[in-house]
Amino acid sequence: MKLPRHPLSQALLCALLSLSGLAAFAQEGPQLDLPRVALTAGMYQIDAQVATAPVERQIGLMNRPSMPQQEGMLFVFEVPATQCFWMKNTLLPLTAAFVADDGTVVNLVDMKPQTTDSHCSSKPVRFVLEMNQGWFQKRGFKAGLKLSGPPFEKR
């Protein structure tokens, strides 16, 4: 890269480059401060972090060493599409529930930690709920389960 000759331009460029390095560093830790939404699955309550921005969805549950059983992360996309997830830098075994606009679980997929295997929805969806692996199975939930909460209410 060719640096500008003017000292002020050089200083500005160096500041920008160092800030971009800080942003990358900040993403190495788990994201724990996302907004939350209360969801229900039958009689069970779920406290879900909500990832709506592309960078929030990209980081997801990466670098998280643990997660309480009643917690999860709800990924919200702008339009229904085949959504595919992987587990790079994700330390926890998770189950992804691919969810239709009305809250109906389309399919469930168990995912192994720290793999780059692709796990996809069986049809276009806007929502994906990640929970600790086994959470759905222990409660007898399968595809067809209906989740309730603000994201799934008709507008």
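Criteria and thresholds
- Residues numbered from 1 in each chain as written.
- Predicted model: local features only at pLDDT ≥ 70, side-chain atom pairs only at ≥ 80, totals over all residues.
- Heavy atoms only, no water.
- Helix = DSSP H or I, 4+ residues; strand = E, 2+ residues; numbered from the N terminus.
- Areas by Shrake-Rupley, 256 points an atom, 1.4 Å probe, with all protein chains shown as cover.
- Core = buried A, V, L, I, M, F, W, Y, C linked by side-chain atoms within 4.5 Å.
- Buried < 20%, exposed > 50% of the residue type's maximum accessible area, 1.4 Å probe, protein only.
- Contact = heavy atoms within 4.5 Å.
- 1 Å grid on protein atoms, 1.4 Å probe; cavity = no way out; pocket = protein on both sides within 12 Å on 5 of 7 lines; lining within 4 Å.
- Points joined across faces, edges and corners; volume = space filled by probe spheres on them.
- Salt bridge = Lys/Arg side-chain N within 4 Å of Asp/Glu carboxyl O.

Asker: Give me the lowdown on the overall build of the protein, citing residues and values where you can.
Answerer: Assigned secondary structure in the protein consists of three helices and nine strands. When the elements of the protein are put in sequence order from the N terminus, they spell out α-β-β-α-β-β-β-β-β-β-α-β. Within the structure as shown, the protein displays about 9,000 Å² of accessible surface, and the carbon and sulfur contribution to it stands at 58%.

Asker: Before we move on, could you go through the nonpolar core and cite the residues and values that matter?
Answerer: Across soluble globular proteins, you tend to see nonpolar side chains buried next to one another. By size, the foremost hydrophobic cluster in this structure holds 20 residues, and its most contacted members are L39, I46, L74, L129, F136 and L147. Of all the secondary-structure elements, those providing two or more residues to this core are β1 (36-41), β2 (44-51), β3 (71-81), β5 (94-99), β8 (125-132) and α3 (135-138). For L74, the residues in contact, after removing those within four places along its chain, are V37, L39, A48, Q49, V50, A51, F127, V128, L129, P151 and F152. F75, F85, F98 and M111 belong to the second-largest nonpolar core, a separate cluster that totals 19 residues.

Asker: Please set out the layout of surface pockets residue by residue, giving values where relevant.
Answerer: By volume, the largest pocket amounts to about 310 Å³. Around the largest pocket, the lining comprises 19 residues; the ones closest to its centre are R57, Q58, I59, M62 and W86. Elements supplying a minimum of two residues to the lining of the largest pocket: α2 (54-59), β3 and β4 (84-85). Top contributing element to the lining of the largest pocket by residue count: α2, with three residues.

Asker: An account of the pattern of salt bridges is needed here, citing residue identities and associated values.
Answerer: In the structure shown here, the tally under the stated rule is six salt bridges. Where D47 meets R36, a salt bridge forms, and the shortest distance between an N and an O atom there is 3.0 Å. Linking D47 in strand β2 with R36 in strand β1, this pair joins segments that are 11 residues apart in sequence. Judged by relative accessible area, which is 27%, D47 ranks as partly exposed.

Asker: Lay out the environment of Q45 with the relevant residues and their values.
Answerer: Among the secondary structure elements, Q45 is positioned in strand β2. Residues Q45 and L147, 102 residues apart in the sequence, show an inter-C-alpha distance of 9.9 Å.

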